[in-house]
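# Residue-level structural notes
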Amino acid sequence: MEINYQLQGLDLENLRRHLSLRQRQQTGGTIRRLGGWVFIGFAVWFVMRLDRQENANAYHYLIWLLPVALFFVSRIWLSIWQRSKYGQRWLQQYAGNYQLNLTPAGVSYQTPDGRISFYAWPEIAGFEVSAADLYLYLRRDVAIPIPCPVLGNTTDVDEFTEKIRDYWSSHPDNAGKTLPAMAPTPQVIQLSALAGNLLQATRLAFFMNYEPRSFRVSLGIFLQLLLLNLLCIGIVDYVDAMPAPEFNIYGLNKFGITTLLMLGGTAIIGNLTLRREHTLRLLVIISASQIVIHTVYFSSWLAAEHWWPDVPQLLLGLYVAAAVWTLAAVFGVLRRLYPQPAPSLLFLLSIYAFFTLSLNGLLPSYRLYYPAEAEDDSAEYEAANRLDVEDVFYRQPELLNEELAALHYQRPGKTDLYFVGFAGQADERVFFNDVSLARNVLDRRFNTAGRSLVLVNNADTVYNAPLANRHNLEAVLQGIAQRMDKEEDVLFLYLSSHGAQDHKLSVSFWPLRLNDLKAEDLKTMLDNVGISNRVIVVSACYSGGFLDVLKDDNTLVLTASSRDHVSYGCGDFTRFTYFGESYFAKALAKDDSFITAFEAARRLIEEREQNEALDPSGPQIDVGRNIAGILENLEVDAAEPDQSLAAELNFDQRVRQGRRFEQDATARDYEKKHVLPAMSAVMSKSLTDCLSQHDANHENFTLVADILPDGGIGNVDYQPVTNTAECFGKALGGLSLPPLPDELSRLPVFYEMVLAE
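Residues numbered from 1 in each chain as written. Predicted model: local features only at pLDDT ≥ 70, side-chain atom pairs only at ≥ 80, totals over all residues. Heavy atoms only, no water.

## Re the overall build of the chain
As a reminder, the rule being used: Counting from the N terminus, the helices are DSSP H or I runs at least four residues long and the strands are E runs at least two residues long. Using a 1.4 Å probe, the Shrake-Rupley method yields the accessible areas, and only the shown protein chains count as cover for residues.
When helices and strands are tallied, the chain shows 24 helices and 20 strands. Approximately 38100 Å² of the chain is accessible, and the part contributed by carbon and sulfur atoms is 56%.

Spelled out as structure tokens, the structure:
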């Protein structure tokens, strides 16, 4: 059925007014305008308040206010422009002859400039009959006007109206529906559509019979499915990061890029099959199916991580199963939407897999939530920003002298091991954790307690421990060389930091300006001080480049990676590096040999990298011709740690030692779990007992003590010496705690007691 008619400028102006009126009737125009002006007032108040804030960063607010301002300016300008001569002139270009053609498939519509548009009946959102015109709504603000006079008399108008309704209701997508008089107001959240799509997606995911046309399809529904999928991922990440989840904005970037890759893959599929009209339907079906599959996968993943944390192969198996399941579901969708031979469908599936799996796998893995660190980056930044650079550098000789003065001299006739840890990077705590772990393990198993020290770049220890820089390392090596038998004893030097392809070890502590450490410089230091027997461990990316420079007949060199590969585990969200954890916490904690422990650690690292689909880091080892025999003379698993260590340190040194252990990851966990609850109970009772004495002294004091491997308390001391301090000291000495972790040989602690009258 074909109709030809003409629209003049006045007809088009009436159409505009009619549509505006209907919009206001549906959405409550007065309330909407009032809400808009309230929002504008709020925005103005916000900007004025921002202007009054001291040191306010306007950029972060303007990027939000600018689009809002543009939106409201456009709405006000549009209202003025429509009533101006420019608006009337713009309407005139649409005046002329129109042609409307009704078919069982849809509506064909030709405009005066010759353009022809076709709208399938499901795209017709409403049909309104008025006294002068008929309106076919494509959406609330877009309609095709049909003047009633061009149709003839009232009977002709009624017949035309019935034909439109019959055509519309007879379309398969509109079965059981009634054509509304007005385009319905779109819902922000279409719960019924989402529920129906998820029900059909469940049938699809579990390979049950389903009908692709039963999915409700629109751009809004697709976006809502994406948000629902993002919500599922966020909930899983949040639960996994408990008890202290911290939001990670970069997780949104990863989700956004993943979505873009899915869009790219489906767009190419639609282009290749010449069925671009199915692209949005394909996206909706895949997005709904992903929610179902992700729900099952993430639930299984959380259960496996909780019940079987030591079986990483299970997590890898779940990931592979979820990927295969997703591809199988997508293959089923392609088979229904694009009738093609099986080989062609498999080719289309390979395109989808290339975009969503292969290219997506190249992206860095960011989660929406991570476990919060004890101190966040902003706190560490503020701590570093408050550093007095001049004071820090002038304190280095004093700190070095204190550390060296506390070292024991060598024991004649025995092969002593001296440990030096070097944590070069201040931005990430993992390097400090690494050297602390190494020191604790060697103190406990290889009798280095009293013969170990660490150089560390960390804002929390800067006034208690020497910096990790080249000058301090050289001074420490000279001091150790004066205390050891350079022909009989052994130096164990552990360096942990970032590495680079030019084989330099990063030495960084903003705002201090420190120089990176080269292998050649380290070799020169060791040769100059005359320490011949060496175990040198370098945990850094590309650390294999140190091996050729440092190796000799009396040196064992271990590196976390080859010269052209990265190692893993650095970052703000890991406790230890892969190498540090595998070598010290797992292998060397049980093995008596540095060499065989390395082989065990290398196997652990290789297995972990395979499970996590990482490129092999390739840890390296070089065993000097003479060093293996020398290392056999080391004492391993000394019966008891040397109890005289505390006695050889003065009170202030013991306090500083306690402050350093406050930053040790293992010590911090043990104190939080065991020491603090026990101390709280003791202090509550002691406050009553000690302060109730007739001669109780209310002067503030400091307690120091050592927690021994069996959990007992030893070497209790206090200053100033008062009867109240003595009473508290006895209460502390009576504590009985769980045994220390294997990584700790002892745990120095201190408590500053502030008493009120």
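## Structural notes on the sheet that holds strand β1 (residues 2-7)
Just so we agree on the cut-off: Paired strands are those between which DSSP finds at least two bridges. Lines fitted to C-alpha atoms define the axes, with helix axes restricted to the stretch in contact, and inter-axis angles between N-to-C directions lie between 0 and 180 degrees.
One open sheet holds the four strands; their spatial order is β1-β2-β3-β4, and the pairing between them is antiparallel. Edge strands, defined here as strands with exactly one partner in the open sheet, are β1 and β4 (116-120). Geometrically, the sheet is characterised by an average inter-axis angle of 20 degrees between neighbouring strands, direction not taken into account.

## What to know about a nonpolar patch on the surface
Note the threshold: Patch definition: residues above 30% relative accessible area lacking any salt bridge, with like charges linked at up to 9 Å and the nonpolar side chains Val, Leu, Ile, Met, Phe, Trp and Tyr linked at up to 5 Å. Any carboxyl oxygen of Asp or Glu within 4 Å of a side-chain nitrogen of Lys or Arg constitutes a salt bridge here. Accessible area is worked out with a 1.4 Å probe on protein chains only. A residue is then buried under 20% of its type maximum, exposed over 50%, and partly exposed in between.
Where nonpolar side chains cluster on the molecular surface, the patch consists of Leu231, Ile235, Tyr238, Val239 and Met242 and spans about 470 Å² of accessible area. Positionally, Tyr238 belongs in helix α7 (residues 219-240). With a relative accessible area of 38%, Tyr238 lands in the partly exposed category.

## Let's talk about the sheet that holds strand β18 (residues 701-707)
Put simply, the test is: Any pair of residues with heavy atoms lying within 4.5 Å of one another is described as a contacting pair.
If you walk across this open sheet you meet the three strands as β19-β18-β20, and the pairing is antiparallel. In the strand order of this sheet, the two ends are held by β19 (713-719) and β20 (747-753), each with one partner. Direction aside, neighbouring strands of the sheet carry axes that sit 15 degrees apart on average. Pairing between β18 and β19: five bridges, direction antiparallel. Opposite Val704, over in β19, you have Asp717 as the bridge partner. Packing against the sheet, helix α22 (residues 651-662) makes contact with β18, β19 and β20, and its axis sits at approximately 105 degrees to β20. On the sheet, helix α24 (residues 723-733) packs against β18, β19 and β20 and is oriented at approximately 20 degrees with respect to β18.

## So, the confidence of the model for the chain
To keep things clear, this is the line we draw: Residue-level confidence of the predictor, termed pLDDT, takes values from 0 up to 100.
For the chain, the average pLDDT comes to 83, and 88% of its residues sit at 70 or higher. In this model residues 639-647 is a low-confidence stretch, pLDDT under 50, and it forms 12 contacts with partners more than four residues away in sequence or in other chains.

## Quick look at unusual backbone geometry
For the bond running from Trp510 to Pro511, omega is 10 degrees, close enough to zero to count as cis. With respect to the helices and strands, Pro511 occurs in the loop between β13 (504-505) and β14 (517-518). For the bond running from Gln719 to Pro720, omega is -10 degrees, close enough to zero to count as cis. Checked against the element boundaries, Pro720 lands in the loop between β19 and α24. At Leu274, a residue that is not glycine, the phi angle is positive and equals roughly 55 degrees. Considering the arrangement of structural elements, one finds Leu274 in the loop between α8 (250-273) and α9 (279-307).

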